[in-house]
Every structure is written in structure tokens, then in C-alpha cells.
Amino acid sequence: MSAHDTNLLGTVHGGVVMKLVDDAAGAVAGRHSEGPAVTGAMDEMAFLEPVRVGDLLQVKAQVNWSGRTSMEVGVRVVAERWNEAGRPAKQVASAYLVFVAVDAEGRPRLVPPVLPETADDRRRCQEAEIRRTHRLARREAILELRRERAAADALDD
Ligand SMILES: CC(C)(COP(=O)(O)OP(=O)(O)OC[C@H]1O[C@@H](n2cnc3c(N)ncnc32)[C@H](O)[C@@H]1OP(=O)(O)O)[C@@H](O)C(=O)NCCC(=O)NCCS
């Protein structure tokens, strides 16, 4: 990370880390789905420790789950401090993103299934399904509330 990336406090701007997260997640989503994939949603972006100028960042991304056309990608960002040689890299951020595979017209296209290989893969896949259920339920609940409000407003007019 360089001085170009800093905020007013002199640490690295969260948006710079988010861009790296989105780039890495897009790369693995594109690789898994064998074509272009776009970011549909990003949630649970957590900044766990400040990132500093001079830090070497590693961004690790994995497709946790896939549905019909969407995938959940988990991302972990770890930092090696330039002045803490020999110490283990520290996790500084994590996030979950939904990517949707798209065709040349930008329409969702089918993605291959995720085949978990390890116990960790299986856990990530199960946890991703829980997050998906909550994401869709939250979105539907908000849309339903808006529909009810719009109907009530129409009656008042
Ligand atoms: C993402 C996009 C292609 C989805 O199109 P859409 O017409 O809403 O597609 P659908 O309703 O068929 O949803 C496609 C999939 O995304 C999932 N999805 C869409 N919005 C979601 C959300 N907010 N959270 C979780 N999943 C979501 C759907 O559940 C579906 O998954 P499935 O096929 O695995 O069951 C469209 O909204 C889009 O082009 N957005 C802009 C993307 C973009 O520009 N990103 C930034 C630059 S890369």
C-alpha cells in the first residue's frame, strides 16, 4: 500500500481495500463460471485492523456456494507489516460477495455447481446457504413493506 491510498488519518482508505476485494472475488467468480460475472451484492464487509502504508496485502478469495446463476464468494485480506518481518501476516478484512454470471448481453447465465472438497469447504457452503436465505428474505420483506406503503398511500390520495 502506498501513500496514494490513505485517508485523513494516514491509514489506508476502506474503499481501496474494497476494490481489491471486489477484484479478487470477480477473478474467482469468472474462473469458476468460465466467463464474465458481475458483482450483484457485497455484504458483511468487515475491517478488522487498520491497513498502513508499506503493508503488503494478500487477498484470498474462494467460491463458497453456487446457485443457478449466482455464486457467493468469501474473501479474506491479510497484511504483512513492512516493519514486522518474520511475524505472521494479520487478517485485516473479510467480506462476502454475490456474483452473477452474465452472457454477452448482460443476462444471467447458468453456473457450474460448487463441489466442496474439504470439511472447511462444506462448512463454508452451508454457511453461504444461510446467508443467501437471509439476504433474499430481507430483500423480499423490504419490498413487501414498500408495496404495502404504496398501496396505503394510493388509498389516502
Ligand atoms: C446482477 C444482475 C445481473 C442480476 O440481474 P437480475 O435480472 O436481477 O437477475 P435475477 O433476478 O435472475 O437474479 C440472478 C441471480 O442473482 C441473485 N441475486 C440477485 N440480486 C441479489 C441480491 N441482492 N442478493 C443475493 N442474490 C441476488 C438471484 O437470487 C439469482 O440467483 P440464482 O440464479 O443463483 O438463484 C443485475 O442486477 C445487474 O446487471 N446488476 C448490475 C451489476 C453491476 O453492474 N455490478 C457492478 C460492476 S461488475
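Parameters and conventions
Residues numbered from 1 in each chain as written. Predicted model: local features only at pLDDT ≥ 70, side-chain atom pairs only at ≥ 80, totals over all residues. Heavy atoms only, no water. Phe/Tyr/Trp six-rings, centres within 6.5 Å; stacked < 30°, edge-to-face > 60°. Lys NZ or Arg CZ within 6 Å of the ring centre and 35° of its normal. Pairing = 2+ DSSP bridges. Helix = DSSP H or I, 4+ residues; strand = E, 2+ residues; numbered from the N terminus. Axes fitted to C-alpha atoms, helices over the stretch in contact; angles between N-to-C directions. Salt bridge = Lys/Arg side-chain N within 4 Å of Asp/Glu carboxyl O. Buried < 20%, exposed > 50% of the residue type's maximum accessible area, 1.4 Å probe, protein only.

We now examine the packing of aromatic side chains. Inspection of every chain in the model, using the stated rule, returns zero aromatic pairs. Here the basic side chain of Arg131 rests over the ring of Tyr96, its NZ or CZ set 3.5 Å away from the ring centre.

The next thing to look at is the sheet that holds strand β2 (residues 56-66). One open sheet accounts for four strands, arranged β1-β4-β3-β2; its pairing is antiparallel. Edge positions in the open sheet fall to β1 (37-47) and β2, since each of these has one partner strand only. If you compare each strand with its neighbour and ignore which way they point, the axes differ by 20° on average. Bridge count between β2 and strand β3 (residues 70-80): ten bridges; the pairing is antiparallel. From the neighbouring strand, Ser66 faces β3, where its bridge partner is Met71.

Glancing now at the pattern of salt bridges. Any two side chains of opposite charge can pair if their charged atoms end up close together. In total, this model carries 13 salt bridges according to the counting rule given. Note that Asp55 and Arg81 form a salt bridge whose closest N and O atoms lie 2.4 Å from each other. Of this pair, Asp55 sits in the loop between β1 and β2 while Arg81 sits in the loop between β3 and β4 (90-101), and the two are 26 residues apart along the sequence. A salt bridge links Asp120 to Arg123, with the shortest nitrogen-to-oxygen separation between them at 3.4 Å. One end of the pair, Asp120, and the other, Arg123, are both in helix α2 (residues 119-156), three residues apart, so they sit about a helical turn from each other. The partly exposed category is assigned to Asp120, whose relative accessible area is 40%.

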